[in-house]
Amino acid sequence: MKQKQLMLPPQSDGRRQAIDEEARQVVVVGANGAGKTRFTSYMIEESGEKAYSLSALAAIFERTRRGHDGHLIDKLFNDAVSNGMPRDEDSSLFDRTLGLIMHDEMINLIGYKLHLRENPDAELRPTRLDTVIDLWEEVFPGSRVLIESGRLLFARDSDSDAESGYAPSRLSAGEKAVLFYLAAMCYAPKRATVFIDSPEMFLHPTVARSLWNHIELMRPDCRFVYTTHDLDFAASRSASSTVWVRGYDPSTLTWEYEVLPLNASISDEIYRSILGTRKPVLFIEGDNRRSIDAKLYPLIFPDYTIQALGSCNKVIEATRTFNDLNSFHHMDSRGIVDRDRRDTKEVEYLRGKRIMVPEVAEVENLLLIEEVVRTVAGVCGKDEDSVAGKVKRTIIKEFRSELTRQALLHTRHRVKRIVECRIDGKFSSIDMLEQHLTALPREINPRALYQSLCKEFQMYVSNNDYASILRVYNQKSMLPGCNVAELCGLRNKDEYLYMILKILRRDTPEARRIRNAVIRTFDIDPRELSVRNK
């Protein structure tokens, strides 16, 4: 049977949204202070007796008063106590859950023994404890659960004496969390809506994913509502409906929230990685750790959430899709891609799509902008004119020696782009396609294009046009080859980059000088970059 629709709390305009009855996973995410906990509490109250809430933090560390029936486990535990089960006066929900499942195991074994008198061939059916033990050993391969004198003991295969174990009290917080969730889910009502607060708490990401995958398989009748800050865990619930809680008004008891569209072409991981912030979004190339892009751009654009996506194509697609869904998230978003060998028309097209393209060939060239070189030289106590002059002369000399090679690379890029565009035309027959392809070399005229580029590049050299050379010169070895680090008194290009980042981390005139110099290369009004989410 399907679950009932899960009604969400009221929004500021009075509307209420609902989660489809077929959705078995719901993930609630949002920034700190957005009201996620109250949001979930409202849903728990609305769900009535079908709500089953779990929190490892509360279960392990909060003590339960005698006779307290605030949780279903408490009620079942107190019922068992009234029927003769011994109790600990100062126990946690974790302790009570283990006590309850061991009591049930004993009752099952006694019932089985009595049943054997009437039916000697009767088989012992799997119990809740069997389920917990099996899943424990699935989540923690190489670990074992032992039962000795009515007690649970835990051991690892690598222990010197694997036949003797240790008590649950000696488990780590993460192990206790896993044990609690496994045991507690054995008592969830049929077709319950299970609310889990911070399901990843105390757990390694791989353990958290494995645990909840197993539990969801164990209880296919239940719906699971996860409230989490962990974006990796949120992304691991691949079939979930995701609710983004954006704000809460305590005076009216209403929320600002959205249910993420399931059919958006942008990946769930990207959405979830930005939902915890209220800053506008800037998609960039490279990765989040090693690339210069990921190190530099967060300091150049501190008002933006930076999301590194790898390739330029991913940046372009993510920016396009995200802006198409602006009515959903109300967040300003842009992208940055290297200029590489794109011509003016390509650059203008991208900028029209909110993709920022710098007036330098690649991100490394931003570090060689004259104003950046001068700033670093000054901070390092060197003569700005001398350092900048030597760097410029070296790069112009290197470009002159590679002029024809660079012109050829630019020619290849432009020919490739033209062919890609022209080949996408519609042809009614193979003869027409053949004629079109035969005519392409003459129409494109790569030699004339190459000669034109050689002439253009030669003019840059003749005029000592350093800025134009940085715009067209793609050469990874340019940064170490121009000796800018050594001229500034630094050991290598890594120290030079580190010095730039160090300057940018401070609110100083030098930081503003570098930041403004880099922003100017994007040919954009800096006031546009101060846009905030609405």
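Above: the structure in question.
Everything numeric in this text was worked out from a predicted model, so none of it was measured.

S.K.: Could you clarify how one ought to interpret the packing of helix α10 (residues 292-300) against helix α23 (residues 493-504) in this entry?
M.R.: Pairs of packed helices are described in terms of their axes, by the angle between the two and the distance that separates them. α23 packs onto α10 with a crossing angle of 25 degrees between their chain directions and a minimal axis gap of 9 Å. With respect to their mutual orientation, α10 and α23 come out roughly parallel. Our pair here, α10 against α23, has a crossing hand that is left-handed. On α23, the residues that touch I292, K295, L296, L299 and I300 of α10 are L497, I500, L501 and L504. Grouping the amino acids of the contact of α10 with α23 by side-chain chemistry returns eight nonpolar, no polar and one charged.

S.K.: Explanation requested: the sheet that holds strand β9 (residues 193-197) in the structure shown.
M.R.: Hydrogen bonds between backbone atoms are what pair the strands of a sheet, whose relative direction is either parallel or antiparallel. Spatial ordering of the open sheet is given by β4-β9-β10-β3-β11-β12, a layout of six strands whose pairing is mixed. Strand pairing shows two members of the sheet lacking a second neighbour, β4 (51-54) and β12 (254-259), which therefore form its edges. Sheet twist, expressed as the mean angle between neighbouring strand axes with direction ignored, is 25 degrees. As paired strands, strand β11 (residues 241-249) and β12 are joined by six bridges and run antiparallel to one another. Residue V243 lies in a different strand from β12, and its bridge partner there is V259. Against the sheet, helix α7 (residues 205-218) touches β3 (25-30), β9 and β10 (223-227), its axis set at about 155 degrees to β10.

S.K.: How do you make sense of the packing of aromatic side chains when you look at a structure like this?
M.R.: Aromatic ring pairs are described here by two measures, namely the spacing of the ring centres and the angle between the planes. Enumeration according to the criterion identifies 18 aromatic pairs in this entry. Plain terms: the ring middles of F224 and Y226 are 6.2 Å apart, the flat faces sit at 10 degrees to each other, and that makes the pair stacked. Taking relative accessible area as the criterion, Y226 reaches 0% and is therefore assigned buried. Each residue in the set F180, Y181, W212, F224, Y226 and F233 is aromatic and connected to the rest through ring pairs, giving one cluster. The aromatic ring of W244 is capped on one face by R246, whose charged end is 5.5 Å from the ring centroid.

S.K.: Please explain the pattern of salt bridges as it appears in this structure.
M.R.: Pairing between side chains of opposite charge can happen when their charged atoms approach one another. In this structure the tally under the stated criterion is 25 salt bridges. A salt bridge links R405 to E402; its shortest N-O distance comes to 2.8 Å. Overall, E402 belongs to the buried group, its relative accessible area being 17%.

S.K.: Just to check I follow, could you spell out the nonpolar core for this structure?
M.R.: Grouped burial of nonpolar side chains is what soluble globular proteins tend to show. Residues L296, F301, L368 and Y496 are the most contacted members of the largest nonpolar core, which totals 63 residues. When residues no more than four places from it in sequence are discounted, the contact partners of L296 are V363, L366, L367, I500, L501 and L504. One finds V29, M102, L179 and I215 within the second-largest nonpolar core, a separate group that totals 55 residues.

S.K.: Help me understand the packing of helix α6 (residues 173-185) against α7 in this model?
M.R.: Viewed as axis vectors pointing N to C, α6 and α7 meet at an angle of 10 degrees, and their least axial separation amounts to 11 Å. Taken together, the axis directions place α6 and α7 in an arrangement best described as roughly parallel. Contacts between α6 and α7 involve V178, Y181, L182 and M185 from the former and V207, L211, W212, I215 and M218 from the latter.

S.K.: Just to check I follow, could you spell out a nonpolar patch on the surface for this structure?
M.R.: A cluster of nonpolar side chains, contributed by M106, I107, I110 and L114, occupies part of the molecular surface with about 360 Å² of accessible area. For M106, the location among the structural elements is in helix α4 (residues 93-118). You can call M106 partly exposed: its relative accessible area is 42%.

Conventions and cut-offs
- Residues numbered from 1 in each chain as written.
- Predicted model: local features only at pLDDT ≥ 70, side-chain atom pairs only at ≥ 80, totals over all residues.
- Heavy atoms only, no water.
- Axes fitted to C-alpha atoms, helices over the stretch in contact; angles between N-to-C directions.
- Helix = DSSP H or I, 4+ residues; strand = E, 2+ residues; numbered from the N terminus.
- Parallel < 35°, antiparallel > 145°, perpendicular 65-115°, else oblique.
- Left-handed = near helix turned anticlockwise from the far one by under 90°.
- Contact = heavy atoms within 4.5 Å.
- Nonpolar A, V, L, I, M, F, W, Y, C, P; charged D, E, K, R; others polar.
- Pairing = 2+ DSSP bridges.
- Phe/Tyr/Trp six-rings, centres within 6.5 Å; stacked < 30°, edge-to-face > 60°.
- Buried < 20%, exposed > 50% of the residue type's maximum accessible area, 1.4 Å probe, protein only.
- Lys NZ or Arg CZ within 6 Å of the ring centre and 35° of its normal.
- Salt bridge = Lys/Arg side-chain N within 4 Å of Asp/Glu carboxyl O.
- Core = buried A, V, L, I, M, F, W, Y, C linked by side-chain atoms within 4.5 Å.
- Patch = residues over 30% accessible without salt bridge, like charges linked within 9 Å, V, L, I, M, F, W, Y side chains within 5 Å.
- Areas by Shrake-Rupley, 256 points an atom, 1.4 Å probe, with all protein chains shown as cover.

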